[in-house]
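Listed below, chain by chain, are the residues.
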Amino acid sequence: MKEKSIDPAVQHLVEKNAQQGLDTVWSRSDSQKPRCGYGEQGLCCQLCYMGPCRINPRGKSPQKGVCGASAEVIVARNFARMIAGGAAAHSDHGREVAKILLLAAKAPDSGYAIKDVNKLQKVATALGIEVKDRKKEDIAAEVAERALENFGQQEGEVQFTRLAPPTRQALWQELNIVPRGIDREIVEMMHRTAMGVDQDHRNIMLQGARTALADGWGGSMIATELQDILFGTPSPLRGQVNLGVLSKDKVNIVVHGHEPVLSEMLVLASQDKELLKMAKSQGAKGINLAGICCTANEILLRHGLPIAGNVLQQELAISTGAVEAMIVDVQCIMPSLPEISKCYHTKLITTSSKAKIENAKNYEFSEKNSLQTAKDIVREAIMNFSRREKVDIPPEKMDLVAGFSHEAIIYMLGGAFRGSYVPLNDNVINGRIKGVAGVVGCCNPKVTHDQCHVNLVEELIANNILVVQTGCSAIACAKAGFLVPESAEKHAGQGLAEVCQAVGIPPVLHSGSCVDNSRILIALSEMVKIGGLGNDISELPVAGAAPEWMSEKAIAIGQYFVASGVFTIFGVGLPVSGSEKFCQHIFKEFEDIFGGMWAAEPDPGKMASRIIDHIDKKREKLGIHKAKKRVLYDMAMRRELDT
Ligand code: NFS
């Protein structure tokens, strides 16, 4: 079982399921072997029904699809469609949040409210909306309406792109890839990759970049910023992670999916006095709400609620026999869940009209009945408690500190009155911190679960690289114990450990869910603004990685990091290896175009080396590569460094 996962809780339950003849993602993954080599390399085209075509550019034939499409065109279209799919998922999430903000502004009795007025004012100002002497509801309504316009507009610019450094914005303009409207770019991407339209892989990828920017600086950023307004901007708090957070004697409700619009209401419902009384009357000691995947990250960051696991642990949570209800909304929900639930007492409940599952119970969650629906769901879970049979909760659980939003990092570094990224930049300049890496993304049963995340992050922090995390990767490293301040002394290099100990932060900062990768974009822009590290994101000693990616959303994220100027490396493999020309384009030519480029490397040790080499290269270009004595920089000195 050790080749399946490095997590003993996972090993135990995968083994148990195998013995009982129950399928999990791992057994199904094994049953796909050997995998289709054409598909793995991106060389299978299903865009029209003259095919499906699979081509073999390195062999004799067929070297082209029936329509004449070459390897680079087939690979580019498939890759670009993954970007469009990922951007659509993040952005549709952002749209839902904007609609809820509008509801909170217009119907205060809806159960949703404006929690963070500071953030509201900040976001409104960024969108050019007047805040002075206005009621928060009026500002919020205008913010929501403006956000919604960003989806449907046909011309102009997705507004948050203006938060990028001016040099970056100028480059996007020059390349003509400033996203005009979020929906528009996704539709155009689908059009251009349809049979017989865009047939130049470079041109396809320019639109790929524009679509990805519409996600990172559009849909995802709208989701993050507006969620902060509605539910509060995260700040550091303690929590716990892994299947051991499930309770032996409380009603366990696991919420899984992505939109906090649902989970926030479940948080309220699970604290309801009547329902707590009802749980006791059923013999339970209380109600334990835990999360899986990004919903887990959302409720952890805002409420400190426990995380049961990352994406590959969803079936395993059910096979503990201790989950009364698993409530899902959208994205990353395995279609296998009804089958495994059937073997236990777990009720599987869907809540979105966009995502129904045969044999799961649907409680449609509309903005208007949200709290009532949440209470009904919790009631159903409570009534299921007495149907528990054999319970097998692995003991593994780990402490963590999470909640490092961009605003929280500012506060941690400088306090309420003089908070800024100056101390971070100074420590990068003086070499205590070598650079910053965003390590994000999914888990994939094609590689040992959690291993690449943990090995990569361990090596990066040992080399004084501060790591910022989101998504399932953050959950993996939290389980390994990296997300507590004490891990600085244990795992970080001397310089990074000193900074972490002085500020009181872990060397690995958990910034939230996958839409919260937009927080990293803002943080990078802030580092540029503070000065001393160049004039653009592409000059910063930073990198991005998704060591165990699997989702289209990860490809969209990778592409918006690259188009924002960041060297971005993916593990597992990339479905582009079928075309050398395309690889050359995104691995090499992209650096000249965007200042950031893609890379693929499945081995976490080699991945760490490539990140370190890239960061060293950037440090050298900035002239900060030689070890220096600690100097305190003032504004004038910083400006001088810029020149
Ligand atoms: Ni991100 Fe979050 Fe996890 Fe991957 Fe899925 S949960 S949106 S896609 S699997 S990190």
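Refer to the structure printed above.
Numbering of residues begins from 1 in every chain and follows the order in which that chain's sequence is written. Confidence filtering applies because this is a predicted model: local features only for residues at pLDDT of at least 70, side-chain atom pairs given and counted only at 80 or more, and all residues used for totals across whole chains, interfaces and linings. The basis for every side-chain value is the complete set of non-hydrogen atoms in the structure, without hydrogens or water.

K.L.:
Before we go on, may I ask you to explain the site of the ligand in this structure?
P.N.:
Proximity criterion: a residue is near a molecule or strand once any of its heavy atoms comes within 4 Å of it. All residues in the neighbourhood of the ligand are listed as His258, Cys293, Cys294, Val311, Cys332, Gly441, Cys442, Cys472, Cys514, Met550, Ser551 and Lys553. Charged residues are taken to be Asp, Glu, Lys and Arg, nonpolar residues to be Ala, Val, Leu, Ile, Met, Phe, Trp, Tyr, Cys and Pro, and polar residues to be all remaining types, Gly included. Classifying every residue of the shell around the ligand by side-chain character gives eight nonpolar, three polar and one charged. How far each domain reaches was decided by an automatic or database domain assignment. Viewed by domain, the shell around the ligand spans two of them, domain 2 (243–387) and domain 3 (416–622), each represented by three or more residues.

K.L.:
Before we go on, may I ask you to explain unusual backbone geometry in this structure?
P.N.:
Leave glycine aside and you will find that most residues have negative phi; peptide bonds, for their part, are mostly trans. The omega torsion across Lys33 and Pro34 is -5 degrees, close enough to zero to call that bond cis. In this structure, Pro62 follows Ser61 across a cis peptide bond, with omega equal to -5 degrees. Positive phi values are uncommon outside glycine, yet Asn176 reaches one of about 60 degrees. Numbering of helices and strands runs from the N terminus, with a helix taken as a DSSP run of H or I at least four residues long and a strand as a DSSP run of E at least two residues long. Turning to its location among the elements, Asn176 is positioned in the loop between α7 (166–175) and α8 (182–192).

K.L.:
Looking at this model, I keep getting lost on the sheet that holds strand β13 (residues 508–510). Mind explaining?
P.N.:
Backbone hydrogen bonds hold the strands of a sheet together, and the pairing may be parallel or antiparallel. The pairing criterion for strands is at least two bridges between them, as found by DSSP. Within the open sheet, the six strands sit side by side as β13-β12-β11-β14-β15-β16. Their pairing is parallel. Single-partner strands in this sheet number two, and they are β13 and β16 (598–600). Averaged over all neighbouring strand pairs, the angle between strand axes comes to 25 degrees, with direction disregarded. Two strands pair when backbone bridges link them, and strand β12 (residues 465–469) and β13 are joined in this way by three bridges, in the parallel orientation. Residue Gln469 lies in a different strand from β13, and its bridge partner there is His510. Contact definition: two residues touch when any of their heavy atoms are within 4.5 Å. Axis definition: a line fit to C-alpha positions, over the contact stretch in the case of helices; interaxial angles, taken between N-to-C directions, run 0 to 180 degrees. Sheet strands touched by helix α23 (residues 552–563): β15 (567–570) and β16. Its angle to β15, the strand with the most contacts, is close to 155 degrees.

K.L.:
How do you make sense of the coordination of the nickel atom of the ligand when you look at a structure like this?
P.N.:
Perfect tetrahedral coordination of a metal by four donors corresponds to 109.5 degrees between them, and perfect octahedral coordination by six donors corresponds to 90 or 180 degrees. Looking at the protein side alone, the nickel atom of the ligand has one donor only, Cys514 (SG), at 2.3 Å. Relative to the elements of secondary structure, Cys514 occurs in the loop between β13 and α22 (517–530). Each metal's donors are the N, O and S atoms within 2.8 Å of it, or within 3.2 Å when it is Na, K or Ca, and because water is not part of the set, sites may look incomplete.

K.L.:
I would appreciate a short explanation of the packing of helix α4 (residues 71–106) against α8 in the present structure.
P.N.:
Helix-helix packing is characterised by the crossing angle of the two axes and by the distance between the axes. Running from N to C, α4 and α8 cross one another at 155 degrees; their axes reach a closest spacing of 9 Å. Compared by their axis directions, α4 and α8 come out roughly antiparallel. As for the relative orientation of α4 and α8, their crossing is left-handed in sense. Here Ala80, Arg81, Ala84, Ala87, Ala88, Ser91 and Arg95 of α4 lie close against α8, whose contacting residues are Ile182, Asp183, Ile186, Met189 and Met190. Its residues assigned to classes, the contact of α4 with α8 comprises eight nonpolar, one polar and three charged. Here is the rule for angles: anything less than 35 degrees is roughly parallel, anything more than 145 is roughly antiparallel, 65 through 115 is roughly perpendicular, and the remaining ranges are oblique. By definition, turning the near helix anticlockwise from the far helix through less than a right angle yields a left-handed crossing, and turning it clockwise yields a right-handed one.

K.L.:
Got a minute to help me understand α23 in this structure?
P.N.:
Three- or four-residue spacings in an α-helix give side chains the same orientation, since the helix completes a turn every 3.6 residues. Given a rise of 1.5 Å per residue, 12 residues ought to cover 16 Å, and the 17 Å separating the end C-alpha atoms of α23 matches this to within 8%. The rule is simple: take the accessible area with a 1.4 Å probe, protein chains only, and divide by the maximum for that residue type; under 20% is buried, over 50% is exposed, in between is partly exposed. Most of α23 sits inside the fold, with 11 of its 12 residues counted as buried. Lys553, Ala554, Ile555, Ala556, Ile557, Gly558, Gln559, Tyr560, Phe561, Val562 and Ala563 are the residues of α23 that are buried. For α23, the N-terminal capping position is held by Ser551, with its side-chain oxygen 2.9 Å away from the main-chain nitrogen of Lys553. Downstream of α23 by a residue or two, Gly565 has a phi angle that is positive, lying close to 105 degrees. To estimate how far a helix should reach, multiply one less than its number of residues by 1.5 Å. Counted as a polar contact is a pair of N or O atoms within 3.5 Å, where, for protein atoms, one must be capable of donating a hydrogen and the other of accepting one, and residues adjacent in sequence contribute only when both atoms are in side chains.

K.L.:
For this particular structure, what's the right way to read the side chain of Arg192?
P.N.:
With respect to the element layout, Arg192 can be found in helix α8. A residue is classified by how much of its surface remains accessible, and Arg192, at 13% relative accessible area, is buried. In this structure, Arg192 is in contact with Val197, Asp198, Asn203, Ile204, Gln207 and Arg210, ignoring residues within four places of it in sequence.

K.L.:
Just checking my understanding: could you explain the pairing of strand β7 (residues 325–328) for this structure?
P.N.:
Here is the key point about a regular strand: its side chains alternate between the two faces of the sheet. Residues Ala325 and Ile327 point to one face of β7 and Met326 and Val328 to the other, with burial holding for every one of them. In the sheet, strand β4 (residues 251–256) pairs with β7 via four bridges, with the strands oriented parallel. Bridging across to β7, Val255 finds its partner in Ile327. Alignment of β7 against strand β8 (residues 347–350), held across four bridges, turns out to be parallel. Within β8, the position partnered with Val328 by the bridge is Thr350. Crossover β7 to β8 through helix α14 (residues 337–342) is right-handed. Handedness of a crossover is defined as follows: with both strands directed away from the viewer, a clockwise route from the first strand across the helix to the second makes it right-handed.

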